[in-house]
Amino acid sequence: MNTANTNGTAKVRSRGLEVFYGEKQALFGVDLDIRSGEVTALIGPSGCGKSTFLRCINRMNDLVDGAKVNGSLTLDGDDIYHREVDVVQLRAKVGMVFQKPNPFPKSIYDNVAYGPRIHGMAADQAELDEIVMTSLEKAGLLGEVKDRLQESGTGLSGGQQQRLCIARAIAVEPEVILMDEPCSALDPIATAKVEELIDELRDNYTIVIVTHSMQQAARVSQRTAFFHLGKLIEMGDTEQIFTNPQQPLTQGYITGRFG
Ligand SMILES: Nc1ncnc2c1ncn2[C@@H]1O[C@H](COP(=O)(O)OP(=O)(O)OP(=O)(O)O)[C@@H](O)[C@H]1O
């Protein structure tokens, strides 16, 4: 395996990470470093464990009955799976955006204000307004919704809903944003907008994106990790992975021979 991924400062670091769903092992000894200030893409054929790895980072796998995680996974050097970790706080630090936009059946304003309210981040209404506006702005949505903040979030277009979900994630000031195929339900124009947004956000957040689209990985990420049958096969600079992969399996996947 290529271990060149283990240099530099890692925001998220896994060592020997294994995940089981009951008897089924989904990840085998994954050593992977995710750096801040860049976008890391996780690619590989269906069922290779990309989403499983992603969901470990904010412990979404805790919600799956019978799921078990071995090995080490750290955020800024702290064990994500330590028994004293407050999972609610962890998920505020490590936000998530899902495949299908899933705004709450609430107003646009309340969707974004939800997290800050729960975490008591605003001292008064003016401060909450500020957080909501700034988050919508950062998500590139403010211009489109500023006159309809009290309308339902579910009434927006799919692409707008996804940017609303990104605004909702940003509102609690996360350090890491996990995105699980965030554009797969979007049309090409909405996809382009979300990709542009990912690029803008990478200076301030560590972003990890699972994608089925190699074109998307090439467009939005600086580093790419290729998984196959639960193993990390290769990790490197995105350009290198797509132009000069070191492993035959990576080569086979990116040239469309399987997957
Ligand atoms: N909740 C679960 N219960 C049992 N097995 C699961 C569960 N979730 C995933 N798996 C299995 O773990 C393996 C890895 O799944 P995972 O969803 O991480 O793959 P993936 O690479 O993200 O796939 P896809 O691209 O299809 O989403 C697969 O074999 C899958 O069937």
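Every value quoted in this text rests on a predicted model; they were computed, and no experiment measured them. (Residues numbered from 1 in each chain as written. Predicted model: local features only at pLDDT ≥ 70, side-chain atom pairs only at ≥ 80, totals over all residues. Heavy atoms only, no water.)

Student: Help me get a handle on the pattern of salt bridges, residues and values and all.
Tutor: Applying the stated criterion to the full structure yields 14 salt bridges. With its nearest N and O atoms 2.9 Å apart, the salt bridge here joins Arg59 to Asp62. Overall, Asp62 belongs to the partly exposed group, its relative accessible area being 38%. One salt bridge connects Arg117 with Asp110, and the closest N-O pair in it is separated by 3.0 Å. In this structure, a network of salt bridges that share partners links the residues Arg35, Glu38, Arg223 and Asp237. (Salt bridge = Lys/Arg side-chain N within 4 Å of Asp/Glu carboxyl O. Buried < 20%, exposed > 50% of the residue type's maximum accessible area, 1.4 Å probe, protein only.)

Student: Residue-level account of the environment of Ile177, with values.
Tutor: With respect to the helices and strands, the residue Ile177 is situated in strand 7 (residues 176–180). For Ile177, a relative accessible area of 0% puts it in the buried group. C-alpha separation for the pair Ile177 and Val97, spaced 80 residues apart in sequence, amounts to 7.4 Å. Look past the residues within four positions of Ile177 in its chain and what remains in contact with it is Gly95, Val97, Ile170, Tyr205, Thr206, Ile207 and Val208. (Helix = DSSP H or I, 4+ residues; strand = E, 2+ residues; numbered from the N terminus. Contact = heavy atoms within 4.5 Å.)

Student: How would you summarise the sheet that holds strand 9 (residues 223–228) if you had to cite specific residues and measurements?
Tutor: Read across the open sheet, the six strands follow the order 6-7-8-3-9-10; overall the sheet is mixed. In this open sheet, the two strands that pair with only one neighbour each are strand 6 (94–97) and strand 10 (231–237). Put simply, the sheet's adjacent strands are angled 20° from each other on average, direction ignored. One ladder, built from four bridges, connects strand 6 with strand 7; its direction is parallel. Counted as the bridge partner of Met96 is Leu178 from strand 7. Strands in contact with helix 6 (residues 158–170) are strand 6 and strand 7; relative to strand 6, the strand with the most contacts, it is inclined by about 170°. (Pairing = 2+ DSSP bridges. Axes fitted to C-alpha atoms, helices over the stretch in contact; angles between N-to-C directions.)

Student: So, the sheet that holds strand 5 (residues 78–79): which residues are in play, and what are the values?
Tutor: Pairing in this open sheet of four strands is antiparallel, and the strands run 2-1-4-5 from one edge to the other. Looking at the sheet topology across the chains shown, the edges are occupied by strand 2 (24–34) and strand 5. Relative to strand 4 (residues 67–75), strand 1 (residues 12–21) is paired through eight bridges, and the arrangement is antiparallel. The residue of strand 4 that forms the bridge with Phe20 is Lys68. Seen against the sheet, helix 1 (residues 50–57) touches strand 1, strand 2 and strand 4 and runs at an angle of roughly 115° to strand 1.

Student: Lay out the site of the ligand with the relevant residues and their values.
Tutor: Looking at the ligand, there are 15 residues lining it, with Ser46, Gly47, Lys50, Ser51 and Thr52 nearest. Between the ligand and Ser51, the relevant distance is 2.7 Å, taken from an oxygen atom to a side-chain nitrogen or oxygen of the residue. Calculation on the ligand without its partners gives an accessible area of 630 Å², and the protein chains cover 66% of this total. When contributions to the shell around the ligand are tallied by element, the ones reaching two or more residues are strand 2 and helix 1. Here the residues of the shell around the ligand sort into five nonpolar, six polar and four charged. (Near = heavy atom within 4 Å. Polar contact = N/O pair within 3.5 Å; in protein donor to acceptor, adjacent residues only side chain to side chain. Areas by Shrake-Rupley, 256 points an atom, 1.4 Å probe, with all protein chains shown as cover. Nonpolar A, V, L, I, M, F, W, Y, C, P; charged D, E, K, R; others polar.)

Student: Which residues make up unusual backbone geometry, and what are the values?
Tutor: Residue Arg59 is not a glycine yet carries a positive backbone phi of 55°. Mapping Arg59 onto the fold places it in the loop between helix 1 and strand 4. Of the residues examined, Arg59 reaches a relative accessible area of 12% and is grouped as buried.

Student: I'd like a description of the nonpolar core, backed by residues and values.
Tutor: Core analysis: the largest hydrophobic core is formed by 41 residues, its most contacted members being Leu136, Ile166, Met179 and Ile198. Residues contacting Met179, with those up to four places away along its chain left out, are Leu54, Val97, Ile166, Ile198, Ile207, Val208, Ile209 and Val210. In this structure, Val30, Cys56, Val176 and Leu178 belong to the second largest nonpolar core, which totals 28 residues. (Core = buried A, V, L, I, M, F, W, Y, C linked by side-chain atoms within 4.5 Å.)

Student: Describe helix 6, with residues and values.
Tutor: For helix 6, spanning 13 residues, the distance from its first C-alpha to its last is 18 Å, which sits close to the expected 18 Å at 1.5 Å a residue. Of all the 13 residues making up helix 6, twelve are buried; the element is thus mostly covered by neighbouring parts of the structure. Where helix 6 is concerned, the buried positions are Gly159, Gln160, Gln161, Gln162, Arg163, Leu164, Cys165, Ile166, Ala167, Arg168, Ala169 and Ile170. (Expected span 1.5 Å × (residues − 1).)

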